[in-house]
Structure formats: C-alpha cells, structure tokens
Amino acid sequence: MKPLTTMAVGAAVLALGYGAADAQNGRQIKNDRQDVRQDRRELHRDNRDVRQDRRELAGDRQALNQDIKAGRTSEVRQDRAEIRGDRREVREDVRDRRDDRRDLQKDRRDLRNDQDVRRDKQDVRQDRRELQRDNRDVRQDRRELAGDRRELNQDIRAGRTNEVRQDRRELAGDRHELREDVRDRRDDRRDLRQDQRELARDERTR
C-alpha cells in the first residue's frame, strides 16, 4: 500500500472512531439533560409537598389550641396524633427534597462534564487538522527551498549574476517561511498535547 493511501485510510478510521465517540457523547448529554429536567420536576413536587405539610401542621396546631381552650379532651388527643403525623410527613418530605437536590447537583455535574468532553474532542480534532496543514506547509516549503537551491546552483554555473541575486533573495524568503511554518507546527503540537491532557482529565471525572 502506498504511503498516501495508508495515511488516507488511517485518517478515515480515525474520523469514524471520533464520529462514533461523538454520537455516544451526544446521547450521554441528551440523557443528562433529561435527568436534570426530571430532577427539577421532582424537586418542584417536593417543595410543593413540604409547603402543603407545613400548612396542614399549622392548621392542626390551630385546631389543637382551640380544642384545648374549649376543653375537648378527645379532640385534643386526636389533634396531637395528627400533629405527630404531620411532623413525620414534613421530615420525610424534607428528606426527599434534600435527596432530590443532591441528585440534581450530581446530574448537573454529569452534564457539565459530558459537555466539557465534547468540547475537548472538538478541540483535539481541530488541533489535528491544523497540525496536518502545518505538516503539508512545511513539506511544501522544503520542496520550494530545494528547487530554489537547484536554480541558484544552475545560475551560478551559467554565470547569470542577476538571476543569482534573485535566487538568493528567494532562498532567504523560503527559509523565513519554513521557519515560521515549523514554529506554527511546534505551537500546534503543544496545543494538541494540552487538549489531549484536558480530554483525558475530563473523561476521568465523568
């Protein structure tokens, strides 16, 4: 297999792998959002239940005070039993609300982490594309530099003084472009390594 064909196949396999990972990550984000919405609905119900429990507790306390003042002994016992039941329901609903708040916080963290992973993967893909362009530019610069060197040698042998000066200016420009492209490639490699580290870190925290 020719090197170019091998590179093309490798790029296609890599793209397919990232596509599958993106689809999975997209499903995780969708599920996280559904979990967050469900948690919010449950927390809303919990708040409503706690408010209702407290209203009932306040009403039973008011009834107890009235029965105590009126000397209704049987009703007082009944009121106290209902108040104990009200307090138990308040404690249970407050506990449910606390648990649902904890679930909501966890699902929000999961959503943020999955979104971070998706952004990290997009950054890594972009870095790879830029690095590929950098490699192509460096190869092109080196081909142009080699060609201009050949022309310079030919013009020197032929004694073409004006062309020699022009060739040397072009060589200086070629070297300058090559240095810039090599520097860009070095920077993009550093960005790629940084984004890969961030991706690995975010995937570990999922």
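Since the model is a prediction, treat every value here as computed from it, not as a measurement.

A. Quick look at the overall build of the protein chain. Regarding its fold elements, the protein chain presents three helices and zero strands. The helix and strand sequence of the protein chain, counted from the amino end, reads α-α-α. Scored against the burial criterion, the 206 residues of the protein chain give a buried share of 28%. Across the protein chain, contacts joining residues at least 24 apart in sequence account for 78% of those joining residues at least 6 apart.

B. Highlighting helix α3 (residues 161–204). With 44 residues, α3 should cover 64 Å at 1.5 Å per step; its first-to-last C-alpha distance of 65 Å lies within 8% of that length. Of the positions making up α3, those classed as buried are Val164, Asp167, Leu171, Asp174, Leu178, Asp181, Arg185, Asp188, Leu192, Asp195, Leu199 and Asp202. Those residues of α3 that are buried are in contact with α2 (73–158).

C. Seen up close, α2. The first and last C-alpha atoms of α2 sit 127 Å apart over 86 residues, in line with the 128 Å expected at 1.5 Å per residue. Once α2 finishes, Gly159 follows within two positions and takes phi at roughly 75°, a positive value.

D. View of the pattern of salt bridges. Going through the model one piece at a time under the given rule, you end up with eight salt bridges. The salt bridge involving Lys106 is made with Asp110; its shortest N-O contact spans 3.0 Å. With a gap of four residues between them, Lys106 and Asp110 both fall in helix α2, about one helical turn apart.

E. Region of interest: the packing of α2 against α3. Across the interface, α2 lies against α3 with an axial gap of 7 Å and an inter-helix angle of 160°. As the angle between them shows, α2 and α3 are arranged roughly antiparallel. Along this stretch, α2 crosses α3, giving a crossing that reads as left-handed. Across the contact of α2 with α3, the residue classes break down as 13 nonpolar, two polar and 33 charged.

F. Layout of a negative patch on the surface. On the surface, a cluster of negative charge is contributed by Asp49, Glu56, Glu89, Glu92 and Asp96. For the negative patch, the secondary structure elements donating two or more residues are α1 (3–70) and α2. The dominant element in the negative patch, judged by the number of residues it contributes, is α2, at three residues. Following the sequence through the fold, Asp96 ends up in helix α2.

G. A look at the environment of Arg204. Looking at where Arg204 falls in the secondary structure, it is placed in helix α3. For the pair Arg204 and Val117, spaced 87 residues apart in sequence, the C-alpha separation works out to 9.9 Å.

H. Inspection of a positive patch on the surface at higher detail. Residues Arg33, Arg37, Arg40, Arg41, Arg45, Arg48, Arg51, Arg55, Arg108, Arg109 and Arg112 make up a contiguous surface patch of positive charge. Residue assignment for the positive patch shows that the elements contributing at least two residues are α1 and α2. For the positive patch, the element with the highest residue contribution is α1, accounting for eight residues. A residue is classified by how much of its surface remains accessible, and Arg108, at 33% relative accessible area, is partly exposed.

I. Expanded view of the nonpolar core. Counting six residues, the largest nonpolar core consists of Val138, Leu145, Leu152, Val164, Leu171 and Leu178. Going through the elements one at a time, α2 and α3 are the ones with two or more residues in this core. In this view, Val164 contacts Leu152, Asp155 and Ile156; residues no more than four positions away in its chain are not counted.

J. Spotlight on the side chain of Asp60. Structurally, Asp60 is set in helix α1. Lacking a salt bridge, the buried Asp60 has Arg61 as its closest oppositely charged neighbour, with an N-O distance of 8.8 Å. Setting aside residues up to four positions removed in sequence, Asp60 forms contacts with Asp79, Glu82, Ile83 and Asp86.

Rules used in this analysis
- Residues numbered from 1 in each chain as written.
- Predicted model: local features only at pLDDT ≥ 70, side-chain atom pairs only at ≥ 80, totals over all residues.
- Heavy atoms only, no water.
- Helix = DSSP H or I, 4+ residues; strand = E, 2+ residues; numbered from the N terminus.
- Buried < 20%, exposed > 50% of the residue type's maximum accessible area, 1.4 Å probe, protein only.
- Contact = heavy atoms within 4.5 Å.
- Expected span 1.5 Å × (residues − 1).
- Salt bridge = Lys/Arg side-chain N within 4 Å of Asp/Glu carboxyl O.
- Axes fitted to C-alpha atoms, helices over the stretch in contact; angles between N-to-C directions.
- Parallel < 35°, antiparallel > 145°, perpendicular 65-115°, else oblique.
- Left-handed = near helix turned anticlockwise from the far one by under 90°.
- Nonpolar A, V, L, I, M, F, W, Y, C, P; charged D, E, K, R; others polar.
- Patch = residues over 30% accessible without salt bridge, like charges linked within 9 Å, V, L, I, M, F, W, Y side chains within 5 Å.
- Areas by Shrake-Rupley, 256 points an atom, 1.4 Å probe, with all protein chains shown as cover.
- Lys, Arg positive; Asp, Glu negative; His and termini not counted.
- Charge placed at Lys NZ, Arg CZ, Asp CG, Glu CD.
- Core = buried A, V, L, I, M, F, W, Y, C linked by side-chain atoms within 4.5 Å.

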